[in-house]
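What follows is each chain in one-letter form.
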Amino acid sequence: MNTPRCRLAASIAGRLRLKFTEIHPAALAALQSDIAAIPSVREVQANAAARSLVVHYDASTPQALMEQRIVSLCGGADADQAKREPAPVVTKPTSALRSAPPAGLRRSRGHRAAWRRRANRGAKITAMLAMPLSIALVYAGNKRLHAATGWLAVAAMAVHMAIHRRNTFK
């Protein structure tokens, strides 16, 4: 089974949109002129950046006929053919299945990044509050609380540096 060059992305009476997997802009322009030559087609708009074609045609033309004609011209598979063809079965090696955690226990990278942002934000706020408090406690003469808040500021800065360890010593 070969992969189609295009697929029918959207279709309503009088308008349809085709998406291409890969297409050169010159080939897209040639295809645009070929489709424009069909008698019931009113307008064809090509978008090379999106790899798509929008075809406006006479709404009195049967929608299924126009879809089939244009999709076959583009070398793609129509929606009915895609439904009839079975989806390819993808199998993984058994070792990969054993090592992967169950879907409910897997965490995404986005979850890890969110956790790191929250931890870093807390570390920065703690360091910014602990350092001036530690300096104020020196002037107040309370050595014990000065030492405790100083160590708290150092620990918060260590958390911040650990989170940004890749960028710290470049």
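Shown above is the structure to which this text applies.
Residues numbered from 1 in each chain as written. Predicted model: local features only at pLDDT ≥ 70, side-chain atom pairs only at ≥ 80, totals over all residues. Heavy atoms only, no water.

Describing the side chain of serine 40
- Take serine 40: it is sitting in the loop between α1 (25-36) and β3 (41-47).
- What makes serine 40 buried here is its relative accessible area of 15%.
- For serine 40, the contacting residues outside a window of four places in its chain are Tyr57, Asp58, Thr61, Met66 and Arg69. (Helix = DSSP H or I, 4+ residues; strand = E, 2+ residues; numbered from the N terminus. Buried < 20%, exposed > 50% of the residue type's maximum accessible area, 1.4 Å probe, protein only. Contact = heavy atoms within 4.5 Å.)

Structural notes on the sheet that holds strand β1 (residues 6-12)
- Within the open sheet, the 4 strands sit side by side as β1-β2-β4-β3. Their pairing is antiparallel. The sheet terminates laterally at β1 and β3, the two strands that pair on one side only. Adjacent strand axes in the sheet meet at a mean angle of 15°, parallel and antiparallel pairs treated alike.
- Two elements, strand β2 (residues 15-20) and strand β4 (residues 52-57), share 5 bridges in a ladder whose sense is antiparallel. Within β4, the residue paired with arginine 15 across the bridge is histidine 56. (Pairing = 2+ DSSP bridges. Axes fitted to C-alpha atoms, helices over the stretch in contact; angles between N-to-C directions.)

Notes on the pattern of salt bridges
- Under the definition given, this model contains 1 salt bridge.
- Measuring nitrogen to oxygen at the nearest pair gives 3.2 Å for the salt bridge that ties arginine 42 to aspartate 58. Remark: aspartate 58 occurs in the loop between β4 and α2 (63-74) and arginine 42 occurs in strand β3; sequence separation between them is 16 residues.
- The exposure class assigned to arginine 42 is exposed, which follows from its relative accessible area of 62%. (Salt bridge = Lys/Arg side-chain N within 4 Å of Asp/Glu carboxyl O.)

Overview of the nonpolar core
- Residues Leu16, Leu18, Phe20, Ile35, Leu53, Ile70 and Cys74 are the most contacted members of the largest nonpolar core, which totals 19 residues.
- At the level of secondary structure, the elements contributing two or more residues to this core comprise β1, β2, α1, β3, β4 and α2.
- Sort the elements by how many residues they give to this core and α2 lands first, with 4 residues.
- Dropping the residues within four chain positions of it, isoleucine 35 is found in contact with Val41, Val44, Leu53, Val55, Ile70, Leu73 and Cys74. (Core = buried A, V, L, I, M, F, W, Y, C linked by side-chain atoms within 4.5 Å.)

Coordinates in, geometry out; function isn't part of it.
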